[in-house]
Amino acid sequence: MKVDLAVLGAGPAGANAALAAAGHGLSVAVIDENAAAGGQVWRAPAPSVTRDDADARDGAALREKLRISTVEHLDSATAWLIARDDAWRVDVARHGRSETVTADALVIATGAHERVMPFPGWTLPGVIGLAAATILLKANGVLPGQRTVVAGCGPLLSLVAASILKAGGTVAAVVDLASRAEWLGALPALAARPDLLARGALWRARIAAARVPVFHRHTVIRAEGTERLGAVRLGRVDAEGRLVPGAPEVAIAADALAIGHGLVPDTAATRLLRLRHRYDAASGWVAARDGTLAGSVARLWLAGEVGGIGGAAVAALQGRLAGLAAAQALGRSAAAAEAAQLQAGIARAGRAAAAMSWMMRPRPAMAGGITPETIVCRCEDVPRAAIEAAIAAGARDLNQVKQWTRCGMGPCQGRMCGEAAASLLAPHVGGRENVAPWTGRPPLRPVSADDLLGDFDYADIPIPAPAPP
Amino acid sequence: MRVDGRDVVATPGISVAAALLAAGIVVLRRSPAGDTPRGAFCLMGVCQECTVLIEGRAERACMIAVRDGIAVSLRGPHAE
Amino acid sequence: MTNADRFDCAVIGAGVMGASVALPLARAGMRVALVDRGPICREASGVNAGTLTMQMTRAALIPYALKAWELWMDTPRWLGLSVGAEQRDGLSVAFTEAEVAILEARAAARRAAGAPITLVDGARAREIEPGLSERALRVGHCPVDGFASAYLTGRAFRVALEGAGVALREGVAVTGVERVRGGWQVRVADGEPLMATRVVLAGGVWLEDMAGWFGIRLPIKVLINQLAVTERMPPVMQSVLGIASGLLSLKQYPNGTVLIGGGWQGRGGRHDGRGDAFVPEALIGNIRLAAFVLPALRRARIVRAWLGLEAETADALPVLGPLPGVEDGWIIGSVHSGYTSGPFMGALLADAILGRPLALPLFPIDRLLAQKDAA
Ligand SMILES: Cc1cc2nc3c(=O)[nH]c(=O)nc-3n(C[C@H](O)[C@H](O)[C@H](O)COP(=O)(O)OP(=O)(O)OC[C@H]3O[C@@H](n4cnc5c(N)ncnc54)[C@H](O)[C@@H]3O)c2cc1C
Ligand SMILES: Cc1cc2nc3c(=O)[nH]c(=O)nc-3n(C[C@H](O)[C@H](O)[C@H](O)COP(=O)(O)OP(=O)(O)OC[C@H]3O[C@@H](n4cnc5c(N)ncnc54)[C@H](O)[C@@H]3O)c2cc1C
Ligand code: FES
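Sequence order as written defines the numbering, with residues in each chain counted from 1. Here the convention is simple: chains get letters from A, ligands get numbers from 1, in the order in which they are written. Local features in this predicted model are restricted to residues of pLDDT 70 or higher, and side-chain atom pairs are both shown and tallied only at a pLDDT of 80 or more, whereas totals for entire chains, interfaces and linings draw on every residue. Water and hydrogen atoms were dropped before computing side-chain values, which therefore reflect all heavy atoms in the structure.

Quick look at the site of ligand 2 now. Residue and element names in this part refer to chain C. Taken together, the neighbourhood of ligand 2 is formed by 32 residues, with Asp-36, Ser-45, Thr-51, Val-174 and Thr-340 sitting nearest. N or O atoms within 3.5 Å of each other form a polar contact, as long as, within protein, one can give a hydrogen and the other can take it, and as long as residues adjacent in sequence are counted only when both atoms are side-chain atoms. The contact in question runs from an oxygen atom of ligand 2 to an N or O atom on the backbone of Gly-50, over 3.4 Å. Between Thr-340 and ligand 2, the recorded distance is 2.7 Å, taken from a side-chain N or O atom to an oxygen atom. Just so you know the grouping, Ala, Val, Leu, Ile, Met, Phe, Trp, Tyr, Cys and Pro go in nonpolar, Asp, Glu, Lys and Arg go in charged, and all remaining residues, Gly too, go in polar. Each residue belonging to the shell around ligand 2 can be placed in one class, and the counts come to 15 nonpolar, 13 polar and 4 charged. Residue ranges labeled as domains rest on an automatic or database domain assignment. When we break the shell around ligand 2 down by domain, the ones giving at least three residues each are domain 1 (3-46 + 151-219 + 316-374) and domain 2 (87-144 + 221-312). Nearness here has a simple test: a residue counts as near a molecule or strand if at least one of its heavy atoms is within 4 Å of that partner.

A strand pair is defined by DSSP finding two or more bridges across the two strands. Secondary structure elements are defined from DSSP: runs of H or I of at least 4 residues count as helices, runs of E of at least 2 residues count as strands, and each element is numbered from the N terminus. The strand order across the open sheet built from 9 strands is β22(A)-β15(C)-β11(C)-β14(C)-β13(C)-β12(C)-β3(C)-β5(C)-β4(C), with neighbouring strands paired in mixed fashion. The open sheet has two edge strands with one neighbour each: β22 (447-448) of chain A together with β4 (118-121) of chain C. Here 4 bridges tie strand β13 (residues 249-252) of chain C to strand β14 (residues 258-261) of chain C, and the two strands are oriented antiparallel to one another. Looking at β14(C), one finds that Lys251(C) is bridged to Leu259(C).

Next up on the list: empty space enclosed by the protein. Cavities and pockets were defined on a 1 Å grid built from protein atoms only: a cavity is a group of points that admits a 1.4 Å probe but offers it no way out, a pocket is an open group of points flanked by protein on both sides within 12 Å along at least five of seven lines, and a lining residue is one with an atom within 4 Å of any such point. Grid points are joined across faces, edges and corners, and a volume is the space filled by probe spheres set on the points. This model, assessed by the stated rule, comprises 11 cavities of 30 Å³ or more. There is about 410 Å³ of room inside the largest cavity. Mapped onto the lining of the largest cavity, the elements with two or more residues apiece are α11 (398-405) of chain A together with α2 (44-47), β11 (221-230) and β15 (301-312) of chain C. Of the residues in the lining of the largest cavity, the class split is 9 nonpolar, 9 polar and 6 charged. Each pocket or cavity is described by its volume, and for the second largest cavity that value is around 220 Å³. For the second largest cavity, the lining is made up of 18 residues, of which Val264(A), Thr267(A), Arg271(A), Glu419(A) and Pro437(A) are closest to its centre. Counting only elements with at least two residues in the lining of the second largest cavity, the list comes to β16 (263-265), α7 (268-272) and α12 (418-429) of chain A. The element that contributes the greatest number of residues to the lining of the second largest cavity is α12(A), accounting for 3 residues. Tallied by class, residues from the lining of the second largest cavity come to 8 nonpolar, 5 polar and 5 charged.

The next thing to look at is the sheet that holds strand β2 (residues 6-7) of chain B. Residue and element names in this part refer to chain B. Spatial ordering of the open sheet is given by β2-β1-β7-β5-β6, a layout of 5 strands whose pairing is mixed. Across the chains shown, the open sheet's two edge strands, defined by having one partner strand only, are β2 and β6 (57-60). Across 2 bridges, strand β1 (residues 2-3) lies against β2 in antiparallel orientation. Its bridge partner being in β2, Val-3 is matched across the sheet by Arg-6.

Moving on to unusual backbone geometry. Cis peptide bonds are those with omega within 30 degrees of zero, and the linkage from Pro442(A) to Pro443(A) qualifies with -10°. Looking at the element boundaries, Pro443(A) is found in the loop between α12 and β22. A positive phi is found at Leu293(A), a non-glycine position, where the angle reads about 70°. Only protein chains enter the area calculation, which uses a 1.4 Å probe; residues under 20% of their type maximum are buried, those over 50% are exposed, and those in between are partly exposed. Classification of Leu293(A) as buried rests on a relative accessible area of 6%. Unusually for a residue other than glycine, Asp35(B) sits at a positive phi of about 55°. Among the secondary structure elements, Asp35(B) is positioned in the loop between β3 (29-30) and β4 (37-38).

Structural data, given as structure tokens:
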């Protein structure tokens, strides 16, 4: 398939980029591995799920706009390789085969995934991410368990707890790293977004009405169980996330734990392309972009959370802006006034988003508190002690830690362990900003050999000339 | 759904991972290195913990929607 | 400058070649500095396919490779840590009559050089490797084969080098070398120069630049090899598989991952860094070939692919010996299947530097020089 613009990711950012560019006459393909557009926050609910909240309406509206647009939506399509010759080339695994999309311009809008700082027992079935719980509830109408502990930090805590209650489930406890005072301190920044304030108040009212115990300045010390989660043990922490010595522990019976410590931009694609990245205190390593969201190489734009955590509203505006910039670069006339308006909107919405991403940040002492035997790399079962041993043996960058321990070599490709591993390395190299992320390599997601191969015979394999005798 | 040959009632259109959870099936596989039990974790296609065999292929259960009669094997790609 | 600040030898480049020279020199009592602009063994020597093979090695190098193979199988004795080396049967498969002809010629040449290769038919080969394609016509079988986990090389060498007292300088880029009274001054990007009586160039594909410091023009071709690895899977093979023309190397590690290589080419060059230009067709072609040879691989999921840079000279034979016309200057690299032969090649050059008798001849580079300016 050959188009003017390829967009990777059909979340708020990618879908809006595609729509804006198509609106200015570009032929556009948008690629996403989900079956429907919407990304994480506007994920399409299953037919069995009836919802009528703002996110659901926004998502439905977006999907309708895409449906009636000229945008070619490659759904259920996993992009596994991006390369550049004269044009961009995206290789996509879809319906059991691999196809190639070529494009003159590219927008990367791969969003973010969740960060969960490791603790003993976090690999037990029944422990899921906090954002993961929103997907279960919003898109599938399924509860995480009979009795769920909701833990971590940021606004998703109240959202998840309230949604579980609304769906008729039981929340055994809410465990928040932040104090009440920290939440109050974040309020002024939210004044620009009364809708968010109102939603938050509603969630907290529901939690209070259900008499759910809320533990501020607490963390999960351990998830307990053998084959699956049976109980969650809590402890008090200080502002840095360090366990307070001697404080009493609390054990809570639960068959589900939803826990998350913020979001991490998914930079697999931007690292693969060797774009310039920068370290940002709130979002970590992100792909660098300028005011028009152009990345560090020509004909490439970065929209949404791949360039920094900012929430859905910012992502959608950035998407439009990137789409306009691409249209303009390919010779279509886009109104400069609209771009300026979008930039102003992004700045406004960005303030509330910054406050929220500050509340979602992992606390600085958390990595240090990981016990030696705690698994850091879930795929390869690598405990902290093995990572420390590699560091003691002289490993000074993340790739070396990976080579010497297999941390990050499994099928999640370092997405689940990368943050913790980097935080463990940080004190040895003068801080987190000196720990460059893993080298980006294809495939962007594990890809089945079957999908790549198709039907072929020996003669169809383009075997190069033999090696020297 | 057919899960390891057994019939499991599931809501069409939700993800296989969600349907398994709703049916009380939380242990989806064992980790290949440490042989410890694992279940769905991120539900957005990233962690790969929910990888099972669906219609004979290694797939992320959270990325595949339930269809009538869909065959799921929890023995997974790592089992022998 | 006091004598204490001066090294007896500065080895530039800490791949398997540089590390294998530095270690015996230090153990023989020299004060050795090993300098690399990156971490130890992070270029070719840390990212290669780890095949310890005779059938892929050039015939002229078989005697060297056989000795090195013994060393790899015995790292706990001379290196300390293991790099996961394992002996396996090596099978080199021919699917067409033309490939049978190549196979027979290559096997004969290697057998003459000492590699215990026999030719078997497809049925016999499938007894050795039950997963092998039914289409195999004729197969070269060599019991002296196997693999290591290349990514462990740096860790193992690092411990041994430090134990031997080598001054390992990682993250230090050398920018040039100058003759000073009684030795060499090794200039580095930021920091004090190093003083050494002797220098050894061990810069992999960057040897061309390094030779240039001495006014020596040594053309080095850069091969950009693509590799791919699967996630852990149940046992699907036990041998090391290749094809007659040499463009496949396939093995399953004890952890269940299958590594697919063979030298399919990406794009780039020695000054682009590693891995900017994957050629998707080459990746797919390589995996197709792998799945043709071992059909069970169709079920695999590929989790990662990468590239590494391999050096090759005009005649595809090594650079190993003194720098012509340069007193106390030495060079090592561009060894075909250089991971396999590395430890022996390094020890051999160390013997030459120490003035000891040589078990096998060096490969002096005079034959390769395009032109030579005054140093
Ligand atoms: C699980 C989850 C729940 C969240 N819930 C909320 C919420 O309730 N409220 C809120 O304000 N924010 C929420 N967030 C934050 C959310 O990420 C942003 O608000 C918003 O979704 C960002 O939009 P985006 O377009 O940048 O990225 P996303 O919405 O994340 O979209 C990125 C898309 O790219 C696709 N993609 C990535 N890589 C590939 C590939 N290789 N091949 C094919 N497709 C690919 C993904 O499948 C995804 O659909 C949530 C985040 C997560 C992870
Ligand atoms: C992908 C791939 C697969 C391969 N597979 C196999 C295989 O299966 N079996 C096999 O036997 N062989 C294989 N090889 C070949 C083998 O890896 C190489 O022959 C061998 O590792 C070369 O070692 P080296 O020490 O010469 O080079 P390198 O390992 O490349 O080391 C050179 C070092 O010099 C350093 N350097 C360069 N310039 C400077 C400077 N200015 N200052 C300081 N330091 C500098 C570099 O940082 C580098 O660390 C493969 C090669 C590749 C790339
Ligand atoms: S639960 Fe993480 S990939 Fe499905």
